[in-house]
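Report on the structure
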Amino acid sequence: MKVNNVLGDLTPREFLRDYWQKKPVLIRQAIPGFKPVLSRDALFALTAREEVESRLITHFGSQWKLSHGPLASLPPTNRKGWTVLVQGVNLHDDGADDLLSQFRFIPDARLDDLMISYATDTGGVGAHLDSYDVFLLQAEGCRRWRIGRQRDHSLIDGVPLKLLRNFAPTTEYLLEPGDMLYLPPQWAHEGVAEGECMTYSIGFRAPTWQELGESYLGFLAEQVDLRGRYQDSQLTPNAHPARLGNDMLKQARQQLGKLGGRAQDVVIFLGEHLSEPKPSVWFTPVERPLSLARFSAAVASKGLRLSRQSRMLYRDKYIFINGESLQAGGADRLILQGLADNRALVAGSANAGSDDLVETLYDWYQQGWIRFL
Ligand code: SIN
Ligand code: CO
């Protein structure tokens, strides 16, 4: 592995200890004798290629515009205020790949790509925040960076870029070729070209736990190997047909518990899953629904029933209907359990329910899940 020093006088150990994910640092002449890896024309040629990820950002007058590559043409280089950015140049160019590999003092699992931007005088992408660490290496020409660690992350409305509404920089640096600025995630920054310039962004990645968790569950789903199916040869007559029974829950907990999750997740999952209507079932929403007040009066005077297609189950405080779940307590719970077991509520039997119950029933009525008796 070839790792030269790309941190000027700092050693990788010092850099990681004092700056990485902690605070910005400007490193003058970070890479001794640095030479750009790609000419401007070679970069422009990449922007026209289908398999290369590129963006053109123009800031002509006061209007920001963003176009995604492949880019059939670019504005003239003597026109101020535009920039083109090419992502993943290391995937297409050996020199860029070599340069990126010099940053392997950070683990490969964190290293993302080398992005190269070209800008004409005054060009840039505006003031923004990034979610990832970045080294901004000035390759050709000069760029003025202004940075700050602000709490206000609100964005300007109506522009195609995520630009900070109230950028409040606290430090300013003019970078020349070979200089490099390191920024931890979430530092506000804005780089403006002074004359034509090219900047290399050595970018990193750090997955969110949510994205990893979702992917992990997909991975686990492919590994699942549970044998057999639910059996109930010892079933006894049951006065509460809509209730998820103890034995069913016990078996489900034994089997699904092997995959992790909390005991109550199994209950909720099972109720939602088993109350899911068949794929061919469509509910027709009521065309001209009564008002909530009239609905409530009609429930009291007529009573209601589940529509034929509705599937309703319950267990303890959990009520399941058509793949959805809710929690109910007190009188509401008893009323809903009665509706599930009898598939109907006779006139007056919902009278003791809360306003929440009436609203829930009203929602089900509008969706066509229940009807009047
Ligand atoms: C640029 O190179 O113009 C943008 C880089 C960045 O701000 O992350
Ligand atoms: Co940025």
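Keep in mind it's a predicted model, so treat the numbers as computed, not measured.

Section: the packing of aromatic side chains
The final tally for this structure, using the stated rule, is 24 aromatic pairs. When the centroid spacing of 5.9 Å and the interplanar angle of 80 degrees are considered together, the rings of Phe34 and Tyr200 count as edge-to-face. Taken together, the residues Phe34 in the loop between strand S1 (25-27) and helix H2 (40-47) and Tyr200 in strand S9 (residues 188-204) connect sequence positions 166 residues apart. The burial state of Phe34 is the same as that of Tyr200; both residues are buried. An angle of 40 degrees between the planes, with centres 6.2 Å apart, marks the rings of Phe103 and Phe105 as tilted. Overall, the relative accessible area of 0% leaves Phe103 in the buried class. Taking the relative accessible area as the measure of exposure, Phe105 reaches 16% and is therefore buried. By way of ring pairs, the aromatic residues Phe15, Tyr19, Trp20, Phe103, Phe105, Phe135, Tyr182 and Phe204 are connected into one cluster. The ring centre of Phe60 lies 3.7 Å from the NZ or CZ of Arg79, which sits over that ring.

Quick notes on the packing of helix H7 (residues 292-302) against helix H9 (residues 355-367)
Describing two packed helices takes the angle between their axes plus the distance from one axis to the other. Relative orientation of the contacting elements H7 and H9 amounts to 95 degrees, with a least axis distance of 10 Å. Our classification of the angle between H7 and H9 gives roughly perpendicular. Contact residues: Leu292, Phe295 and Ser296 in H7; Val358, Glu359, Leu361, Tyr362 and Tyr365 in H9. Here the contact of H7 with H9 is composed, by residue class, of six nonpolar, one polar and one charged.

Some words on the domain arrangement of the protein
Parsing the protein into structural domains produces domain 1 (12-204) and domain 2 (239-373). Relative placement of domain 1 and domain 2: their C-alpha centres are 55 Å apart.

A few points about the environment of Asp157
Summarising the element assignment, Asp157 is placed in the loop between strand S6 (134-148) and strand S7 (171-175). C-alpha separation for the pair Asp157 and Gly203, spaced 46 residues apart in sequence, amounts to 27 Å.

Description of a nonpolar patch on the surface
A contiguous nonpolar patch, built from Val224, Leu226 and Leu259 and spanning about 220 Å² of accessible area, is present on the exposed surface. In this structure, Leu226 sits in the loop between helix H4 (209-223) and helix H5 (246-256).

Describing unusual backbone geometry
In this model, Gly69 is joined to Pro70 through a cis peptide bond whose omega is 5 degrees. Within the fold, Pro70 resides in the loop between strand S3 (63-68) and strand S4 (82-86). One non-glycine residue, Thr122, lies in positive phi territory at about 70 degrees. Note that Thr122 resides in the loop between strand S5 (111-119) and S6.

With respect to the site of ligand 1
The full set of residues close to ligand 1 is Leu85, Met115, Ser117, His128, Asp130, Leu136, Arg143, Trp145, His189, Thr199 and Ser201. One of the side-chain N or O atoms of His189 is found 3.2 Å from an oxygen atom in ligand 1. Computed on the free molecule, ligand 1 has an accessible area of 260 Å², of which 94% lies beneath the protein chains in the complex. Secondary-structure elements contributing two or more residues to the shell around ligand 1 are S5, S6 and S9. Residue composition of the shell around ligand 1, by class: four nonpolar, five polar and two charged.

Concerning the coordination of the cobalt ion (ligand 2)
Coordination of the cobalt ion (ligand 2) by the protein is provided by His128 (NE2), Asp130 (OD) and His189 (NE2), with metal-donor distances spanning 2.0 Å. Every donor residue of the cobalt ion (ligand 2) comes from the same chain, spaced as H-x1-D-x58-H. Highlighted residues: His128 in the loop between S5 and S6 and His189 in strand S9, separated in sequence by 61 residues. For His128, a relative accessible area of 12% puts it in the buried group.

A word on the sheet that holds strand S10 (residues 303-306)
Spatial strand order, S14-S10-S15: three strands in an open sheet with antiparallel pairing. Two strands in the sheet have a free side with no partner beyond their single neighbour: strand S14 (344-346) and strand S15 (370-372). The mean angle between the axes of side-by-side strands here comes to 20 degrees, regardless of whether they run parallel or antiparallel. Judged from the three bridges that link them, S10 and S15 form a sheet pairing that is antiparallel. Its bridge partner being in S15, Leu306 is matched across the sheet by Ile370.

Overview of helix H3 (residues 94-101)
The α-helix winds at 3.6 residues per turn, so residues separated by three or four positions along the chain end up facing the same way. Among the residues making up H3, those that are buried are Ala96, Leu99 and Leu100. The buried residues of H3 occupy an angular sector of 100 degrees when projected down its axis, which confines them to one face. Elements that come into contact with the buried residues of H3 comprise S5, S6 and S9. By the N-cap criterion, in which a side-chain oxygen at the helix start approaches the backbone nitrogen of a residue two or three places on, H3 is capped by Asp93, the distance to Gly95 being 2.9 Å.

Observations concerning the nonpolar core
Looking at soluble globular proteins, one finds that nonpolar side chains tend to be buried together. Residues Leu7, Phe15, Phe103, Phe135 and Ile202 are the most contacted members of the largest nonpolar core, which totals 41 residues. When contributions to this core are tallied by element, the ones reaching two or more residues are S1, H2, S4, H3, S5, S6, strand S8 (180-183) and S9. With 25 residues, the next largest nonpolar core counts Met312, Tyr314, Ile319 and Leu357 among its residues.

Here is what the cut-offs are and how they apply
Residues numbered from 1 in each chain as written. Chains lettered and ligands numbered in written order. Predicted model: local features only at pLDDT ≥ 70, side-chain atom pairs only at ≥ 80, totals over all residues. Heavy atoms only, no water. Phe/Tyr/Trp six-rings, centres within 6.5 Å; stacked < 30°, edge-to-face > 60°. Helix = DSSP H or I, 4+ residues; strand = E, 2+ residues; numbered from the N terminus. Buried < 20%, exposed > 50% of the residue type's maximum accessible area, 1.4 Å probe, protein only. Lys NZ or Arg CZ within 6 Å of the ring centre and 35° of its normal. Axes fitted to C-alpha atoms, helices over the stretch in contact; angles between N-to-C directions. Parallel < 35°, antiparallel > 145°, perpendicular 65-115°, else oblique. Contact = heavy atoms within 4.5 Å. Nonpolar A, V, L, I, M, F, W, Y, C, P; charged D, E, K, R; others polar. Domains from an automatic or database assignment. Patch = residues over 30% accessible without salt bridge, like charges linked within 9 Å, V, L, I, M, F, W, Y side chains within 5 Å. Areas by Shrake-Rupley, 256 points an atom, 1.4 Å probe, with all protein chains shown as cover. Salt bridge = Lys/Arg side-chain N within 4 Å of Asp/Glu carboxyl O. Near = heavy atom within 4 Å. Polar contact = N/O pair within 3.5 Å; in protein donor to acceptor, adjacent residues only side chain to side chain. Donors = N, O, S within 2.8 Å, 3.2 Å for Na, K, Ca; no water. Pairing = 2+ DSSP bridges. Arc of directions from axis to C-beta. Core = buried A, V, L, I, M, F, W, Y, C linked by side-chain atoms within 4.5 Å.

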